[in-house]
Amino acid sequence: MRNNNQKVVLCLAKKEYRSDRGRSIVLTGAVAFAVMMLFSVFSFASGKLQTDMLRSARQRGAVSNTTLERATQKQYEQIQELSYIRHTGKYIQFGNVFGNRAAVVDDVAWEKIKSPAFTDIHGTYPEGKMEIMFPVRALEMMGISQPQIGMELPVAIEFSEERQEEFVFRLSGYYTEYIDTSQYGPPDVYFSQAFLDAVSDGEEWDVTLFMRQDDRVTGRQVEQKLYRDIAMRDIKQRFFGNNTSVEVAVFTMVGGFDTLFMITVVILLSAGLLIYNVQYIFYERRIREYGLLKTLGTTRKQLCAIVFWQTAVTILRGSLLGMLAGGMLVLLVLPLLLSRMYLYRIGSAAGMITFRPLFLVLSVLFVSCVAFLCSALSIRHTMNLTPVEAANYQKLEAAYTGKSVYRQKGGGFRLWQMAWRNMWRFRRRFLVSAVCLTLGLLVSLGVVMLSHGVDTANEIESVYWDMWVNSDILNTDYYDISLGSHRKNDDGTITIFPQEFLEKIQALPGIAESAVTRGGFGQVKMNEEALALFMRDYEWPWWIDWATFVTAELSGEQLAEGRNLQ
Amino acid sequence: MKVLETRNVRKIYHTPSGEVHALDGVSISVEDGQFVAIIGSSGSGKTTLLNMLGGLDNPTDGVVFVRGEDIGRLKVDELTVFRRRNIGFVFQNYNLVPVLNVYENIMLPLQLDGRGPDERFFEQIIDTLKLREKLDSMPHMLSGGQQQRVAIARALSAKPAVILADEPTGNLDSVTGMEVVGLLKSSASLLHQTIVVVTHNEEIAQMTDHIIRIEDGKVRGGKDEE
Ligand SMILES: Nc1ncnc2c1ncn2[C@@H]1O[C@H](COP(=O)(O)OP(=O)(O)OP(=O)(O)O)[C@@H](O)[C@H]1O
Ligand SMILES: [Mg+2]
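Every value quoted in this text rests on a predicted model; they were computed, and no experiment measured them. (Residues numbered from 1 in each chain as written. Chains lettered and ligands numbered in written order. Predicted model: local features only at pLDDT ≥ 70, side-chain atom pairs only at ≥ 80, totals over all residues. Heavy atoms only, no water.)

## Considerations on helix H8 (residues 219-229) of chain A
All names here are of chain A.
Inference 1: For H8, the full list of buried residues reads Gly219, Val222, Glu223 and Leu226. The arc that holds every buried residue of H8, seen down its axis, measures 100 degrees, which confines them to one face. The exposed residues of H8 that point more than 90 degrees off its buried face are Arg220, Gln224 and Arg228. (Buried < 20%, exposed > 50% of the residue type's maximum accessible area, 1.4 Å probe, protein only. Helix = DSSP H or I, 4+ residues; strand = E, 2+ residues; numbered from the N terminus. Arc of directions from axis to C-beta.)

## A closer look at the site of ligand 1
Inference 1: In the vicinity of ligand 1 lie 17 residues, with Asn392 of chain A together with Ser42, Lys46, Thr47 and Thr48 of chain B positioned nearest.
Inference 2: Glycine 43 of chain B places a polar main-chain atom, nitrogen or oxygen, 2.8 Å from an oxygen atom of ligand 1.
Inference 3: Lysine 46 of chain B has a polar side-chain atom sitting 2.6 Å from an oxygen atom of ligand 1.
Inference 4: Of all elements in the fold, only strand S1 (2-15), strand S2 (18-26) and helix H1 (46-53) of chain B reach the threshold of two or more residues within the shell around ligand 1.
Inference 5: The element that contributes the greatest number of residues to the shell around ligand 1 is H1 of chain B, accounting for 3 residues.
Inference 6: When grouped by side-chain class, the residues that make up the shell around ligand 1 number 4 nonpolar, 11 polar and 2 charged. (Near = heavy atom within 4 Å. Polar contact = N/O pair within 3.5 Å; in protein donor to acceptor, adjacent residues only side chain to side chain. Nonpolar A, V, L, I, M, F, W, Y, C, P; charged D, E, K, R; others polar.)

## Quick word on the confidence of the model for chain A
All names here are of chain A.
Inference 1: Looking at chain A as a whole, its pLDDT mean stands at 76, while 68% of the residues score no less than 70.
Inference 2: In the predicted structure, residues 397-412 sits below a pLDDT of 50 and forms 17 contacts with residues beyond four places in sequence or in another chain.
Inference 3: Residue range residues 454-464 is modelled with pLDDT below 50. Its contacts to residues more than four positions away, or to other chains, number 18 contacts. (pLDDT = per-residue confidence, 0-100. Contact = heavy atoms within 4.5 Å.)

## With respect to a nonpolar patch on the surface
Inference 1: A cluster of nonpolar residues, Met328, Leu329, Leu331, Leu332, Val333 and Phe355 of chain A, forms a patch on the protein surface that exposes about 530 Å² of accessible area.
Inference 2: Looking at the element boundaries, methionine 328 of chain A is found in helix H11 (residues 300-342). (Patch = residues over 30% accessible without salt bridge, like charges linked within 9 Å, V, L, I, M, F, W, Y side chains within 5 Å. Areas by Shrake-Rupley, 256 points an atom, 1.4 Å probe, with all protein chains shown as cover. Salt bridge = Lys/Arg side-chain N within 4 Å of Asp/Glu carboxyl O.)

Here it is in structure tokens:
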């Protein structure tokens, strides 16, 4: 308005702000807390999401989700055209090497689908005819603990049951994988296309297509779309669509995208309400002062200047503080939490927990918006009050605290009546407080749930027993009865896992824990020293799986050695 | 010329114990340059009437004119600016902005309007109101009477056409009270201001040009003029 003096207004704003240090501390604290909360919750969630994604990709040994076996060149070309498929790579398995798959993949499959699920990749994918790339796990089984690029390796390839040949290869690279072999089979030993061409003899190998779909397309959706868009070669050919890592990660964390959205809304709401509530409480205290200022000639614009200046200072300080605290939390505490919690045994995830400035900016932006909105609302409220109403606002306050100006006439009113009246009179504040409290509880509950749900240590414990002993009654003749996992009694009945057997196993050195599932299978857990013992100097045929191998050796000489070691 | 005029103003407050008719059809007018007293018993509606005259509250019914302007028709900010240029207030209580010192409080309406003070007039005011020692003090350090004197200084310093004072001498001893009223009166004649004071003090009432007596929200008699 005409001829407004902004200087006095600013001075007023500053003096007002400084006059109540308690208020400025609480307001700044609320902003800082909200910024910190939003920033760390979203960083935590995204870190968790990323880590889960990485985890599931590493366990699968690929970041692709959908496969098509026995694909034709035409199908390959058609699929490449599809908008919802990001990458398509070719994969050919032509045999086995030491229990691993002998495979050839094209550039896309290696670059975009396979290698992102591995770590510590040394060297390059095989180019030359006699080049080979090994997973470290396989090299170790071959007794090579310190591989050198370029070293010569004699390798026996089993092309089929009938055809087995040995070649000498040059190691062009090696990598570390974390494939969960019990679910996804053994890892790949990679060869060059040139080698495959040379040994093919005109044989046509089955091509498997690895497809990486858009993150938001679910496994079922992608299957449906693919069946619609691509003609199948025959009725046996099928697409196998899996959910993307993103979806799996979201699912394991909160149960789905919709819950994720809801949780986000709840978190934002609680941060917003915190700011609103704190500002509202302090605003109410100042209505009378605003009323006086208005009486003395403070216009809307001037009041805006006062309030917004104060809000800006609060936001600036609070945001800086919140950024500092949140940044520290995210940079120092979260990595510790996340890596301890879920990357146990699945490789490092140091790169996953990053400081995301975008989240910080968004958190600050959100909190600022809410704070300014609340300020604008309080100004509007003041402006709609006449000075007398503003002055009387405090009287209601007084009534609330019992120093009533309008005390009920006659002494006969009861406490609960007053309580009810007050609750009704302050229903907005009451409601907001109630909602705020509920949300606060919800969020803290969510945090507890998240940090517990996130702790997959238990899952790892149960899924990754080091060894199990299977007693298959139908094949009693086939299994080595001397193992003692079951016993034919005199009356012809069979006792599975007799007590002596279990005791014997539990008494073995290195057995930390064991459990028996009757009717199903028994599981034995060993620590790594015990395993190393069995694996030592052992060349291991690919068709023998871990547990069988370890079990077979249980009663052997190596155990005696183990005992001696102790 | 009528500087202040109300026509059939009504104010009804709705309280939990029923309706309160604080003003019940009040029609008064105050001439330019007059010094007017409003008297009446406690709760009779004096403050309410003063608030209506200053545009601090909306009447339930009726119109209020200040210097010929129907203030009920002004928008919020127009009324605010109109008020700070034309009306000075002294309230019964809660007069001062707590975060500003005495000097700043006195200067606030002028500064909000972007005007500078009239130094000589200012000096005269603070001497008469005995505020020189207190210019740097904060309101909470002042006694009730001192606070009231600051409020009077503030109302005078902007040289408004109208001063509305609600028991300005309520917290003052009778000597100071008379001095303050003297100041108001001389300022009024000097600057040709119109002054309305609410008072319980008969002596002060007798010093005025005109007395408006209020009883139960209604104007009584009106024949008390001297
Ligand atoms: N905000 C309000 N809400 C409800 N009733 C009110 C309000 N303000 C005033 N009243 C009532 O209106 C009537 C007039 O009040 P007012 O303050 O004008 O009296 P007054 O003449 O100034 O009294 P006093 O001499 O004690 O200051 C009183 O009955 C009072 O209770
Ligand atoms: Mg009064």
